[in-house]
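Observations on chain architecture
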Amino acid sequence: MQGLFYFLLLAFTIHTLFLAYHWFAYGNSKQVSLVALATYLSGGAILLLTYSFALSIL
């Protein structure tokens, strides 16, 4: 289970890098891209913290 968590964390990190690159390179507004990235990272942080808490209980 712990290996799966680290794999998901790696996949999330790679996906975030691709999204951030595309949002900032091809987006119309840097401010909108920054808000979108902050929102995405906030949601991801909540999910990953939930997963890590559940993993620590198991």
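Residues numbered from 1 in each chain as written. Predicted model: local features only at pLDDT ≥ 70, side-chain atom pairs only at ≥ 80, totals over all residues. Heavy atoms only, no water.

1. Quick notes on the overall build of the chain
Across its full length, the chain carries 2 helices and 0 strands. In terms of C-alpha radius of gyration, the chain reaches 14 Å, well past the compact-globule figure of 10 Å for 58 residues. When the accessible surface of the chain is split by element, carbon and sulfur atoms take 76% of a total near 4600 Å². (Helix = DSSP H or I, 4+ residues; strand = E, 2+ residues; numbered from the N terminus. Rg over C-alpha atoms; globule rule 2.2 N^0.38 Å. Areas by Shrake-Rupley, 256 points an atom, 1.4 Å probe, with all protein chains shown as cover.)

2. Comments concerning the side chain of S33
Looking at where S33 falls in the secondary structure, it is placed in helix α2 (residues 30-57). In this structure S33 comes out as buried when scored by relative accessible area, which is 7%. Among the polar contacts listed, one links the side chain of S33 to the backbone oxygen of W23, at a separation of 2.9 Å. Apart from residues no more than four positions distant in its own chain, S33 is found in contact with W23, F24 and G27. (Buried < 20%, exposed > 50% of the residue type's maximum accessible area, 1.4 Å probe, protein only. Polar contact = N/O pair within 3.5 Å; in protein donor to acceptor, adjacent residues only side chain to side chain. Contact = heavy atoms within 4.5 Å.)

3. Describing the side chain of T16
Inspection of the secondary structure puts T16 in helix α1 (residues 2-26). A polar atom in the side chain of T16 sits 2.7 Å from the backbone oxygen of F12. If sequence neighbours within four positions are ignored, T16 has contacts with L37, Y40 and L41.

4. Here we look at α2
Between the first and last C-alpha of α2 there are 40 Å, a value that for 28 residues agrees with the 40 Å anticipated at 1.5 Å per step. Those residues of α2 that fall on the buried side of the exposure criterion are S33, L37, G44 and L48. Looking at the buried positions of α2, the neighbouring elements they touch are α1. (Expected span 1.5 Å × (residues − 1).)

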